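Structural overview for review
As a plain string of letters, each chain reads:
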Amino acid sequence: MATALRTDLAIGGMTCASCAARVEKRLNRLDGVTATVNFATAVATVDHPAEVSTDDLVAAVEAAGYQATPPAETEEETTGPLRTRLIVSALLTVPVVAMAMVPGVDPPGEGWLSLALTAVVVGYGGWPFHKATVANLRHGAATMDTLVTVGTLAAFAWSLVATVRGGHDTYLETAAVITTFILAGRFAEQRATRRAGGALRALLTLGARDATVVDEAGAETKIPVAQLRTGDVFLVRPGEKIATDGVVVDGTSAIDASLLTGESVPVEVAPGDQVTGATVNTQGLLRVRATRVGADTQLAQIARLVTAAQQGKAPVQRLADRISAVFVPAVIVLAVLTLVAWLVATGDLSDAVRAAVAVLIIACPCALGLATPTALMVGTSRGAQLGILIRGPQVLESTRAVDTIVLDKTGTVTTGRMSLHGTVADDPTEVLRVAGALESGSEHPVGAAIAAAAGAEQTSAASRPAMAANPPATAAEPPATGAEPPTGAAAALPAGGGATLPAVSDFTNVPGLGVSGVVEGRPALAGRAALFAGRGWHVPGHLAAAVTDAGAAGRTAVLAGWEGEARGVLVVADAVRPTSREAISRLRALNLKPVLLTGDNATVAAEVAAEVGIDEVVAEVLPADKVAAVRALQERGATVAMVGDGVNDAAALAQADLGLAMGTGTDAAIEAADLTLVRGDLMAAADAIHLSRRTLGTIRANLFWAFAYNVAALPLAAAGLLNPMIAGAAMAASSVFVVANSLRLRRFTPR
């Protein structure tokens, strides 16, 4: 089987949706080729076998009467030439209209002067339309430009004959005004369409340009980002953008990722933490080791997803394309029938020409071609700014239909990281301080959670005397974990913010049971009950009961004590995200029923569900059974959206009618999903569905306007009730309205 390739081509010369349909049809005639042409972006996305070369694709486009080049080789289109034609046409049209309609404005040779001015407007101003018409006629095609050309030239030719014969029944002002209005509409449309793609262009240029690489000797060298290689270590100073995706090897700081994820609160990072290219270092000096460069970075992946989404077509657009393909020929036939009908009914050629020209001008289907792609461009670009990646336009239809949303627990509703849930002790502060000192030498996630909580508590205690005068702006950074265990008389361990945990000596890690050491001269233990029993240490009854209760609730209980006796119990659990409850409330407001799906035991799942406001829970599900759980909901008649972040969620995400992957999750989950939530917050799921529905609503409103406009206006034009000049203005206005309506999505703000 031939290898499938994907090639993007920038298409030149398209002026309406029927042009795009013609190029698409010609490309799809090639063996094994599947092409989609987006009129708004002027890009053809072509899937083709290796046997069909890029030159073959370009030749097919040129055979249809258009130009094709790879997008990278195409200079960005500007509105300059169109603006010049518009200004010249407008300046010349004003005196033509004045001579025709303003009493007293009748200079010598008025008719010939109007004819000369109109000839420049129709010839020079309307040249883009006439040129496209001729090119299409050579290939037996008719487009929107055909309607404009036939309409304006018919009006001008009638006027020319009348002027030569010395008559005054001319349509020079009609030809001039129609040309100027349509030029104005095309100019406004082009500018607005460029604005619609502005967010994506900003995204593509978001990354840093240079990186300061540090070699093993410490020498610094500034190089272009394109020259970075995986494994290179580079510096990021305060205020600089991070050059590429990597891991922090030295330094602490807060990273502003708002331009990439939409998250306004800076994220604290320390050695071992992952950072993303194009985010901004706000505070300290960081040394970062590059892990992904070039096309593999998260920014590049986001840009590819957004571009692919904008170049696709929603199902509703397919209908518009089919209508546009036959619309122009049908309108030309209708104009001829209108001309004949008026001649038969009245015998007045002048009135017949006026009605036929109005039909030709009012029917231009520009708005149909712009209705879907402009809304997609703005909606997907706005989503990228908010950390929401919409994989394709077909996803929009799915967001409208879903009524149930299945939420994976770990890493989605919860943080996926262990944290201290509570302490049972006569002196909780002292128990946490001693246990934190011991666990600072442990790399176990439970120990790291206790050490982090102890560090935060020490920092808080150290800052309390000054808190009233100068309260801290943010929580302290937890102590670094994974460090070498202290041995002998270790120095006091930093707890962040200048506070320290007690020093630990004689540290021992007892695999599977806990840790031991000497804290401030006192032998101390932290771990399971078996560790205390093995050492012969006493565990009071109320602490033993607390351990049992924690286990029954699905939490991890750590006993801590010193000098032969347990002094307290530290309860550790996966913490619920602070925003999860509000996110569930917002999902309900979108008429979605939340269901919690987890492999954890039923007690833990029920407690998490109650905390965030979920009524239905499916617990103790093996990874392989998550698909079956989603399918069971679908068999009950539900249309299911699924939110997850792990490898074991990938199959369920694919099974769901709509898959949403947390961007902090695995590549497998993200690949299987329809929507990716870059900022890894459940609130983004509600934002994503809300934005997708708004984008789909905008597309439907645009299509309704375009269809309703043509359906309502054509009978009026055929009946002679619509002046051709008004028809030209209304046609241009309809396209501008559709694009302006799409641009409203730029102001979308999450609730």
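Per an unreviewed UniProt entry, the recorded name for the chain is Heavy metal translocating P-type ATPase, and the organism is Luedemannella flava. Of the comments in the UniProt record for the chain, the one headed Subcellular location (unreviewed entry) reads "Cell membrane". In its Sequence similarities (unreviewed entry) section, the UniProt entry covering the chain states "Belongs to the cation transport ATPase (P-type) (TC 3.A.3) family. Type IB subfamily."

On to the overall build of the chain, then. Along its length, the chain carries 26 helices and 28 strands. Within the chain, buried positions represent 51% of all 751 residues. Restricting to contacts in the chain with at least 6 residues of sequence separation, those with at least 24 account for 69%. Approximately 32100 Å² of the chain is accessible, and the part contributed by carbon and sulfur atoms is 58%.

In this section: the pattern of salt bridges. Taken as a whole and assessed by the stated rule, the structure comprises 15 salt bridges. Measuring nitrogen to oxygen at the nearest pair gives 4.0 Å for the salt bridge that ties K409 to D574. With K409 in helix 15 (residues 409-413) and D574 in strand 23 (residues 565-576), this pair connects stretches of sequence that are 165 residues apart. Since its relative accessible area comes to 1%, K409 is described here as buried. Look at D574 and you get buried, because its relative accessible area is 18%. Salt-bridge contacts for E430 lead to R433; the nearest nitrogen and oxygen are separated by 3.1 Å. Note that E430 and R433 are positioned in helix 16 (residues 428-439) at a spacing of three residues, about one turn of the helix. The class for E430 is buried, based on a relative accessible area of 17%. One network of salt bridges, in which partners are shared, links E430, R433, E520 and R522.

So, on to the packing of aromatic side chains. With the rule as written, the count across this model stands at two aromatic pairs. Look at F532 and W537: their rings are 5.9 Å apart centre to centre, the planes differ by 85°, and that puts the pair in the edge-to-face class. Sitting over the face of the ring of Y124, R85 holds its NZ or CZ atom 4.7 Å from the ring centroid. Positioned above the aromatic ring of W562 is the side chain of R522, whose terminal nitrogen or guanidinium carbon lies 4.8 Å from the ring centre.

The next point concerns the pairing of strand 21 (residues 522-527). A large share of strand 21 lies buried, amounting to five of its six residues. Across four bridges, strand 21 lies against strand 22 (residues 556-562) in antiparallel orientation. Of the residues in strand 22, the one forming a bridge with G527 is L559.

A few words on the UniProt feature "transmembrane region" (unreviewed entry) in the chain. Mapped onto the present numbering, the UniProt feature "transmembrane region" (unreviewed entry) falls at residues 86-105, 111-129, 141-164, 170-188, 323-345, 357-378, 701-719 and 725-743. This span, residues 86-105, is 80% helix and 0% strand, and a straight line between its end C-alpha atoms measures 24 Å. As a span, residues 111-129 carries 95% helix and 0% strand, and end to end its C-alpha atoms are 26 Å apart.

The seven strands lie next to each other as 14-28-27-26-15-24-25, forming an open sheet whose pairing is mixed. Lying at the two open borders of the sheet, with one neighbouring strand each, are strand 14 (388-390) and strand 25 (616-618). Direction aside, the axes of adjacent strands within the sheet are offset by 20° on average.

It is worth spelling out the sheet that holds strand 5 (residues 210-214) at this point. Strand order across the open sheet formed by six strands is 6-5-7-13-8-11, with antiparallel pairing between neighbours. Lying at the two open borders of the sheet, with one neighbouring strand each, are strand 6 (220-224) and strand 11 (274-275).

The residue S440 is located in the loop between helix 16 and helix 17 (445-467) in this model. Take S440: its relative accessible area is 12%, and that puts it in the buried class. In this structure the side chain of S440 is engaged in a polar contact, spanning 2.7 Å, whose partner is the backbone oxygen of G436.

The side chains of a regular strand alternate between the sheet's two faces. In this structure, strand 9 (residues 253-256) lies alongside strand 10 (residues 267-269), joined through three bridges in antiparallel fashion. The residue bridging I255 from the neighbouring strand is V267, located in strand 10. Note that strand 9 and strand 12 (residues 280-281) share two bridges and pair antiparallel. Across the sheet, residue D256 finds its bridge partner in strand 12, namely V280.

Now for helix 16. With 12 residues, helix 16 should cover 16 Å at 1.5 Å per step; its first-to-last C-alpha distance of 16 Å lies within 8% of that length. Burial analysis of helix 16 places 10 of its 12 residues in the buried class, the great majority of the element. Within helix 16 the residues assigned to the buried category are E430, V431, L432, R433, V434, A435, G436, A437, L438 and E439.

Conventions and cut-offs
Residues numbered from 1 in each chain as written. Predicted model: local features only at pLDDT ≥ 70, side-chain atom pairs only at ≥ 80, totals over all residues. Heavy atoms only, no water. UniProt positions renumbered as here; feature names shortened; annotations may be inferred. Helix = DSSP H or I, 4+ residues; strand = E, 2+ residues; numbered from the N terminus. Buried < 20%, exposed > 50% of the residue type's maximum accessible area, 1.4 Å probe, protein only. Contact = heavy atoms within 4.5 Å. Areas by Shrake-Rupley, 256 points an atom, 1.4 Å probe, with all protein chains shown as cover. Salt bridge = Lys/Arg side-chain N within 4 Å of Asp/Glu carboxyl O. Phe/Tyr/Trp six-rings, centres within 6.5 Å; stacked < 30°, edge-to-face > 60°. Lys NZ or Arg CZ within 6 Å of the ring centre and 35° of its normal. Pairing = 2+ DSSP bridges. Axes fitted to C-alpha atoms, helices over the stretch in contact; angles between N-to-C directions. Polar contact = N/O pair within 3.5 Å; in protein donor to acceptor, adjacent residues only side chain to side chain. Expected span 1.5 Å × (residues − 1).

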